[in-house]
Amino acid sequence: MNTKFGDVPPLGKFLDPDGGFWANAVTGDLESEELQIDGLRDEVSVYYDERGVPHIFAQNDHDLYMAQGYVVARDRLFQMELQTYDAAGRLSELVGAAALPRDQRTRRLGMPYGAEKAIERVKQDSVSWMVINAYSEGVNAWIRSLEPKDYPLEYKILDAAPETWEPLKTTLLLKNMTRTLASGNSEDRTSNTIKYFGRDFVEKFFTQKPQLNDPIIPGSREWDFDAEIPEAPEELYVPESAKEVEPYSTPDGIGSNNWAVHGSKTASGYPILANDPHLSLTLPSIWYEVQLHAPGVNTYGVTLQGVPGAIIGFNENVAWGVTNVGSDVMDWYEVEFRDERMNEYRYDGGWRETTKRIEEYYLPDGTVVRDTVVYTHHGPVTEVGSRLNEERAPAYHALRWIAHEPSNEIRTFYHLNRAAGYDDYVQALTYYDAPAQNFVFASNENDIALWVNGKLPLRWDKQGRTVSDGSDPKYDWQGWIPREHNPNIKNPERGFVSSANQESAADDYPYYLDDDFASYERGRRINDLLRSMNGITKDDMQKMQMDSYNYHAATITKDLLEWVNSDSLNEAEREIYDRMRDWDYKMDADKIAPSVFKRWWSNFYASVLYDEYQKTDALLRYPPRDRFVEVVKYEPEFKFFDNINTVKKETREERALYSFRSTIRGMTEDYGEMGDNWIWGRVIDMDIDHLANIPGMGAQDLSVSGSPESINANNGNAGPSWRMVVEVGPEVKGYGVYPGGPSGNPGSPLYDSMVETWRTGGLFELNFYKSEPADYSYSISLKN
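Residues numbered from 1 in each chain as written. Predicted model: local features only at pLDDT ≥ 70, side-chain atom pairs only at ≥ 80, totals over all residues. Heavy atoms only, no water.

**Some details on empty space enclosed by the protein**
Applying the stated criterion to the full structure yields seven cavities of 30 Å³ or more. Reported here for the largest cavity is a volume of approximately 230 Å³. Every residue lining the largest cavity is counted, 21 residues in all, and those nearest its centre are M177, L181, I311, V322 and Q437. Secondary-structure elements contributing two or more residues to the lining of the largest cavity are α8 (167–181), β4 (255–261), β5 (272–280), β10 (318–324), α11 (409–416) and β18 (437–443). A breakdown of the residues in the lining of the largest cavity according to their chemical character gives 15 nonpolar, five polar and one charged. (1 Å grid on protein atoms, 1.4 Å probe; cavity = no way out; pocket = protein on both sides within 12 Å on 5 of 7 lines; lining within 4 Å. Points joined across faces, edges and corners; volume = space filled by probe spheres on them. Helix = DSSP H or I, 4+ residues; strand = E, 2+ residues; numbered from the N terminus. Nonpolar A, V, L, I, M, F, W, Y, C, P; charged D, E, K, R; others polar.)

Structure, rendered in structure tokens:
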């Protein structure tokens, strides 16, 4: 009864009424208390409001961040640890050999290697080193106070115990965000696509921008610098072995929106800022809400569990938010080793030495698995072999990635939390490297701004678009785009700034960032709405965040309907056809048309491309939807309409009719005859699962509106992870919500207390105290 068998926890310990899962149940109201914590330099007061949000009041920076580490661990310890185990490639220590492939992938990508380089950089900065150590002291103070009966429920299920929190865990967590937001790459697929379909195909779909493109930094911005672009090779390298690289795919639905409107467009005469980062949704939430108050700082926002400071938020003078840039900061290099020992590789006409790193994996049964990872100057060699062509020698690929760079993002948020105006904001961003983010800004001095910010590789045009030649120095990253040359804009004439993961700047921006900014619809919709609005209020911004209009649907639905011969439809098909014709292109939860459109478009897209793309087992790059829409609309003789596997020559109209009917058949098979089960709120299948996918600890089958193409970018298990609206001015007011609650304990009423408010588009007014409050739900007094 005290032994764990597979996924079954030790039942004796788990069912123990004093120390098992029963001990995690929260009953009754929490009461104020005084606690002793070794290491504090003065007294700290933590006030919890009616939603369970902590407001930390300290007398110095050290105590502020120590208390933050303590209260975050108090609510979210298991989440903190699980995320860093994953980032370190150590999940198999907790759950066994099933997680070993993911752990090996993590370490072969160089995640711990990058985190170790980052912590060395942090050590060189006395402020950041103080902050990260104080935070760690707070986490460990909470861990030391625990007995096994107090462990979070997940530890009891896994029969595990928390370990000491080291500063390295914070840099691991930050590198994990780089993996989530800056690990997309398409050079292997682009290389193969050039080989199979030719360069003209790539130019048509990936170089030409869609008409919906409305760049983050508009074309009206003039660049007052001279860019020095590296020289490109005379002939581009396209490897035969590209098919062997296995890309890390960014989870679908990852993105974000942010915008800020100038006081000239608002009812108050002061700016309003909005932000909603789109990430995978889990319980507990990726975010933790907190106020931090000490001499020189009073900030409110959300933070990542394990990272000191507020990542997104506001203070008494400014507000800021982020979206993902999506620049190409991950390149693959084909390398040739001198022999099977892999001690030397060809470079610049000679041979260069490798280094090797031994990775060890400790499984719960005592087994130790060892793996040798070879490093070139590009980075780790993560892909080996000739799986798809056994007739030739293995091909090897090395990875150059921004996550391997030493960095100190902690210093950025330290300064943003204390920023008094635009200059402080710009200075704070100079410390930030990765993952590159679009930092939106607003201040009570009536400034708004947006910087496309991060450490961005300096490369020749389209460098990194295909797999690179690891032996040619011209394919190396040639340094970094000067920070002051990053795309940016302040107080534009149009009265607003915004970003939604679309292209960073117009075509006249001289540096190459990427050709894979696939999200154009949300940015266009945001800009169109903001252009048309004046006298803007907080309620207008809140309504915008819930906007479900689908620009993609608006550009193609009428055409699809026109291509269908409606006279050939039966009565049931005609009813659905009429619904589509009357649709307003909003992905509303109570409508059937959004469900039909999503599947119809997917079927049409696949029917046009499937036969051509099945000619090879190599990974190919698929056209982005907005350029594909333009091609199929304006090129009725596009050769891909014809199915190469049939004698008959198919037409666009036949593809549309066939995919329409297959959509109806498929939905009928999945959901029955057309009815309530077809409405979008059910078909989207919105689930917020437990972080470790433990059954019964998530929120399932939420009926929501929106889609990845809408401002309200819900997508099954991803979406707006934190919605925030901030009115700056003489009296700063913030509003926000995330789909979860402050507590990580499934036995607490605060575990999922905000899910319904988030689902229905509500925002809580945030209690931003300028001094210690008189009214609060309960408090903790922390003393040495």
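Moving on from the coordinates now.
**So, unusual backbone geometry**
Look at the link from L283 to P284: it is a cis peptide, with omega at -5°. In this structure, P284 sits in the loop between β6 (282–283) and β7 (287–294). At the junction of A434 and P435, the peptide bond is cis and its omega measures out at -5° in the coordinates. Its location among the elements puts P435 in the loop between α12 (422–429) and β18. Positive phi values are uncommon outside glycine, yet N446 reaches one of about 65°. The residue N693 is not glycine, and still its phi comes out positive at about 55°. Checked against the element boundaries, N693 lands in the loop between β23 (686–690) and β24 (699–702). For N693, a relative accessible area of 58% translates into the label exposed. (Buried < 20%, exposed > 50% of the residue type's maximum accessible area, 1.4 Å probe, protein only.)

**Description of the sheet that holds β7**
Taken together, 11 strands build an open sheet; the order of strands is β1-β29-β2-β3-β7-β8-β9-β10-β18-β19-β21 and the sheet is mixed. Taken across any chain shown, the strands that pair with only one partner, and hence form the sheet edges, are β1 (33–36) and β21 (488–490). Direction aside, neighbouring strands of the sheet carry axes that sit 15° apart on average. Sheet analysis places β1 next to strand β29 (residues 778–783), joined by four bridges and oriented parallel. In the sheet register, Q36 faces β29, and the bridge partner there is K783. (Pairing = 2+ DSSP bridges. Axes fitted to C-alpha atoms, helices over the stretch in contact; angles between N-to-C directions.)

Interpretation in functional terms is not warranted from these geometric data alone.
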